Amino acid sequence: MDLSVVVPAYNEEGRLGPTLDAVRAYLDSEAGPGTWELLVVDDGSSDGTARIARDTAAADPRVRLVSSTENRGKGHALRLGVAASKGVRVLVTDADLATPIEELARLTEQMEAGYGAAVGSRAHPDSSVEVHQGRLREWMGRMGNRLIRAVAVPGIRDTQCGFKLLDGEKAREAFADARLDGWGIDVEILQYFRRQGWAVAEVPVRWSHQEGSKVGPFDYLRVLAELIRLKTRAVRRVDLAVCGLFLLASVLLYKGLWTDLDHAYLRDSGQDQNQWEWFFAVTADNVAHLHNPFFTTVQNFPDGVNLMGNTPMLGLSVPLTPVTLAFGPSVTWALVLTGGLAATAASWYWLIARRLVRNRWAAALGGALAAFAPPMISHANAHPNFMVLFMIPVIIDRALRLCEGHRTVRDGVLLGLFATYQVFLGEEPFLLAAVGMLIFAAAYAVVHREAARQAARPLAKGLAIAAGTALPLVGYPLAWQFFGAQSYHSVLHGDNAGNSPLALLEFSGRALFGDDATADKLALNRTEQNAFYGWPLVALAFAVTVRLWRRPVVKALAFTAVAAAVLSLGQKIRIPYTDVVFPGPWRAMAHLPLFESVIEGRVAMVCAPALGMLVALAVDRLTRARARTSAPSTVSSPVSSPVRGPVRPYQVVGALAVAAALVPIVPTPFPVQQRPEIPAFIADGMWKKYVGPGESVVPVPLPDPGSAEALHWQSATGLGFPVPGGYFNGPYGPDRTGIYGAPPRYTSNLFRDVRYGGKVPDIGPNWQAQARYDLAYWKAGVVVIPPEDNDATLYVVVEKLLGRPGERIGGAWVWPVGKGS
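Residues numbered from 1 in each chain as written. Predicted model: local features only at pLDDT ≥ 70, side-chain atom pairs only at ≥ 80, totals over all residues. Heavy atoms only, no water.

A. Up close: the packing of aromatic side chains. In the structure shown here, the tally under the stated rule is 19 aromatic pairs. Note on Y476 and W480: the rings are 6.4 Å apart at their centroids and 50° apart in plane angle, and the pair reads as tilted. On the criterion of helical spacing, the pair formed by Y476 and W480 is a turn pair, its members being 4 residues apart in helix 21 (residues 449-483). Of the residues examined, W480 reaches a relative accessible area of 19% and is grouped as buried. Consider the rings of Y795 and W815, whose centres lie 5.3 Å apart with planes at 40°: the pair is tilted. Taken together, the positions of Y795 in helix 31 (residues 791-802) and W815 in strand 23 (residues 812-816) put the pair 20 residues apart, joining distant regions of the chain. (Phe/Tyr/Trp six-rings, centres within 6.5 Å; stacked < 30°, edge-to-face > 60°. Helix = DSSP H or I, 4+ residues; strand = E, 2+ residues; numbered from the N terminus. Buried < 20%, exposed > 50% of the residue type's maximum accessible area, 1.4 Å probe, protein only.)

Here's what the structure looks like:
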C-alpha cells in the first residue's frame, strides 16, 4: 500500500462524513484507486461517529474502522491507527480537515526529497491561515508552541498542527515506542524522530480554524504536563542509581551534622559555620522585609557589611528563604552542603556522560572524583561556594554547544543567564573555573587546530551575546560590590598562600589514607587543603595520559591539570627539602584585578574535574575493551548487540590501578562537636530590656574571624539586635584594602588580647575615656560577657573600664550602657 491515512475521531458525527468523502475523492484523483487506505479510529465516541465510519467502510473496502472501547485521547487513537496501517507512508490528519487534504502534495514533495517526515506548520512564514482563531486562543497557542519548542523539539515552530506525513516503517516504530495518550503524542513522535536522526521537514500549509474543534486553549498546558512525563520516562535507571549514590555519599559525609542540627558544629570549619548560618539568616530576613539584599548593618554595626563583597550565595540563600524562615539557618546550612555536593557530582556526571564517554559508570566515577576530590572535601567543611559547583558543568556544556555553531543566539543567551546565576553562587570559583576553561581551550586549539578554527567564529559571537545578556543583570550588583557602602578593592593573603609541591602528592586529613598531622603542615588550615590528590592518582593520571596520548582531549586535559597545579604553587616555588626558591608563574597574575584577592593555592581545584575526566576515559576504555560487537540480526534493527568477552589480564591490572589511586582518597565523614550554648540572656530575649532603637549588643570580646559565636546568637534568635565587629570581608584604611573582620579599635583589641591570655594593662582614665568613645561609636546598649575562657579576667577589665560592677543576668555578665540605662 502506498499511503495510509489515519483519522482519529471522537464525537465527530457532524463532520466525519464530508471529511471521508473529501479524502477519498482527492486520493482517487491524485493517487489512484488501489494505492491507498483510510483508517478511521473511533476513540470511544458516544455519538454516531462509529456508525458513519462503519457505513463508509461497508461501501468502500479501502476504508477501515478501528475502535477503542473507551475515550483515552488522541495519542491512544493514533497509536491504534498507525499500528493497523500498511502504507509505505502514513498521513495523520484531524477529522475537521482544518488543513485541506490537497496540502498533501506539499508534504509529499518533501518526502521525495529524502525526509523521514513532513509536518504541516501554521507558523511557517509561507503558510496561509485563512480563518483565524480568537485572539486569546491564538496567542495562547503561539505561547504554548514556543514553550514546547524550547522544552522538547527546538527548531520546529508548530508541533501541534494535525497534518503530518511520515515514512510508514519509521512511523510504526515511533508510535509503538510512544506512551502518551493525549495531545502530547505529536511532540513524543517528533522527539523520537530526532533521537533516531531521521530528518523532519516543516512545510507551509493552508489552514482554517474549524468551529467545534476539540483542541482548547489550555490544551497546550496539558501538552507541557505530558512532556514532563516524557522527560521522566527518558531518565535512565542507571542515572537515577548514580544520583542516588551521590546523595547517599553526601548524607553519610554529613551524618554528624544531620543527627543533631541544633547543636552539631563541623569541627574543622573554624568560625565559618557561624558565618554562613548568619549569611542565610540575614538574606532571609532581607527578603522577608524587602530590605536591600546586598547590604546590612546587623553585623559590624553601625558601618555594616557589603553582602555582595562577601559570599552569601544569593543564588541559593534567596530561593531557600522559606526553609530558613520555617526551620532555621542550621537546616539551610545542612541542605546546601549535602544537596550541593550531590548536585555537583551529578552535574559533572551528566557532562562527562554527554560529552566524553559512553559507559555511564565510567562517567559516574569521573563525576565523583570531580566533586568529592580532596580539595573539594576540604572546602566542604566550611566553604559551600567552593564546592556547590553544579552550574560549572552546565556552563561548560553550553560553551561547547556554541562551538558547534547550531543555535548561537539561543545558546549565547542561555550561557549569559547561566553565568549570571553562577555569579550569585560564587564569583571566585567562577573565576578559577574560567581560568581552567581558558587553559583547556588554548591547549585544545593547539592540538586540534581545525576544530578550533571551525569553533572560533560561533564561539566568539556566542560569548558576545552571553556578555550582552549577563552584564545588564549583574551590572548593578557588581557596582554595589565594588563601589557601594563598605566595598573594598582586594584581600591580600601574602606571598606564601601557594601550595607546596608535596601537597599535590600527599593525602588530605579527611582522606581514608590521610592524617591531619601531615596535611596540617602543608596547608593554611583544614578548610584550605587545596591539593592533596595523592601520589597514586598523580601516577595514574600520568599513565592514562601516556596510554591515550593520541586523543586531543587527553592532551588538553593533561595540560590543564599540569598548568593549574603549577599556578597553584604561588608566586614563590620552594623545592621541598632544599632552600631553593624560584619565581612561580602566579607572580604574573597576582596583582591583576580580581586575581589579587585569590588564594593561589585554590587554583589546584581546577585539577579535580580534569583528573576526573581522565579517569573516566580510562575506565571507559577498559570497559569497552571487553565488549565485542555482533552483526545486526535484521535490517530493521540497525543497533548492534554488545557481547561481553573474557576479562583480559591488562583489564584486571587497569581496574586495580584505578582502585589503588582512588581508594586512598575516599573521604571520611566530617567530624562534629557540640557548639556552645547561647546565654539565656540572649536566647530568652532578656536583652530587649537594655537595648533601645538604634543601639547594639556588645559581646566581650567582639566577634571576629577567630571567634564569631555572637553571629550564632543573632541567627538563632531572629536577628533582633545588631552587633559591632564580626566575621566578614570589609575595607580597612584610606585605600580600602580588604581585610577579614572589622577595622580594629583600641577597646576591641584590648578585649581580644585579654581573651587569649594577654597581659592586662593598667586601666586608668585614658583607657576609660577610650572605652566610652568606642562604645559610643558602636552605639552600645548593653555590654555582655558570656561564659568563656578567661571570662573572669575579662570581667575585671570591663568593670574597671566602666567603673562599676556588672549584673549576673541569664547566665552572662551584663552592663547596661545605652541611653536608657
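That shown, we press on.
B. A look at the sheet that holds strand 4 (residues 89-93). The strand order across the open sheet built from 7 strands is 3-2-1-4-7-5-8, with neighbouring strands paired in mixed fashion. Of all strands in the sheet, those with a lone pairing partner are strand 3 (63-68) and strand 8 (200-204), marking the two edges. This sheet shows a mean twist of 20° between the axes of neighbouring strands, independent of strand direction. Pairing between strand 5 (residues 117-121) and strand 8: 5 bridges, direction parallel. From the neighbouring strand, A117 faces strand 8, where its bridge partner is V200. (Pairing = 2+ DSSP bridges. Axes fitted to C-alpha atoms, helices over the stretch in contact; angles between N-to-C directions.)

C. A look at the packing of helix 11 (residues 272-288) against helix 28 (residues 709-716). Packing of helix 11 against helix 28 leaves a shortest axis separation of 8 Å and a crossing angle of 30°. Looking at the two axes, helix 11 sits roughly parallel to helix 28. Our pair here, helix 11 against helix 28, has a crossing hand that is left-handed. Across the interface between the two elements, N274, Q275, E277, W278 and A281 of helix 11 pack against E709, L711, H712, Q714 and S715 of helix 28. Of the residues contributing to the contact of helix 11 with helix 28, the split by class is 3 nonpolar, 5 polar and 2 charged. (Parallel < 35°, antiparallel > 145°, perpendicular 65-115°, else oblique. Left-handed = near helix turned anticlockwise from the far one by under 90°. Contact = heavy atoms within 4.5 Å. Nonpolar A, V, L, I, M, F, W, Y, C, P; charged D, E, K, R; others polar.)

D. Spatial organisation of a positive patch on the surface. Positive charge collects at one region of the surface, where R547, R550, R551 and R621 lie side by side. Inspection of the secondary structure puts R621 in helix 25 (residues 607-626). (Patch = residues over 30% accessible without salt bridge, like charges linked within 9 Å, V, L, I, M, F, W, Y side chains within 5 Å. Areas by Shrake-Rupley, 256 points an atom, 1.4 Å probe, with all protein chains shown as cover. Salt bridge = Lys/Arg side-chain N within 4 Å of Asp/Glu carboxyl O. Lys, Arg positive; Asp, Glu negative; His and termini not counted. Charge placed at Lys NZ, Arg CZ, Asp CG, Glu CD.)

E. The arrangement of the pairing of strand 7 (residues 163-167) in detail. Counting buried residues along strand 7, 4 of its 5 residues qualify, which places the element largely inside the surrounding structure. Two elements, strand 4 and strand 7, share 5 bridges in a ladder whose sense is antiparallel. Residue pairing for strand 7: T93 is matched across the bridge by F163.

F. Spatial organisation of unusual backbone geometry. With omega at 5°, the peptide bond leading from F301 into P302 counts as cis. In this fold, P302 is placed in the loop between strand 11 (295-296) and strand 12 (305-306). At the junction of V700 and P701, the peptide bond is cis and its omega measures out at -5° in the coordinates. Residue position: P701 is located in the loop between strand 18 (696-699) and helix 28. Of note in this structure, N300 is not a glycine but carries a positive phi near 55°. Its location among the elements puts N300 in the loop between strand 11 and strand 12.

G. Fine view of the sheet that holds strand 18. Across the sheet, 4 strands lie side by side as 18-21-23-22; this open sheet has mixed pairing. With partners counted over all chains shown, the strands left at the sheet margins are strand 18 and strand 22 (807-809), one partner each. Mean inter-strand twist for the sheet, computed between neighbouring axes without regard to direction, equals 35°. Pairing of strand 21 (residues 780-785) with strand 23 involves 4 bridges; the strand directions are antiparallel. Counterpart to I785 in the pairing with strand 23 is W813.

H. Structural detail: the pairing of strand 4. Counting buried positions over the 5 residues of strand 4 gives 4, a clear majority of the element. In terms of strand pairing, strand 1 (residues 3-9) meets strand 4 through 4 bridges, oriented parallel. Note that in strand 4 the partner of V6 across the bridge is V92.

I. Here's a closer look at the pattern of salt bridges. All told, the structure shown has 37 salt bridges when counted by the stated rule. Where R453 meets E450, a salt bridge forms, and the shortest distance between an N and an O atom there is 2.5 Å. Within this pair, R453 and its partner E450 are both found in helix 21, separated by 3 residues, close to a single helical turn. Exposure remark for R453: the relative accessible area of 55% places this residue in the exposed category.

J. View of the packing of helix 23 (residues 535-547) against helix 26 (residues 649-662). Between helix 23 and helix 26, the shortest axis-to-axis distance is 7 Å and the interhelical angle comes to 140°. Taken together, helix 23 and helix 26 sit at an angle that is classed as oblique. Where helix 23 crosses over helix 26, the two elements pack in a sense that is left-handed. On helix 26, the residues touching P536, L537 and L540 of helix 23 are A657, V658, A660, A661 and L662. Residue composition of the contact of helix 23 with helix 26, by class: 8 nonpolar, no polar and no charged.

So yeah, pure geometry; function would need other evidence.
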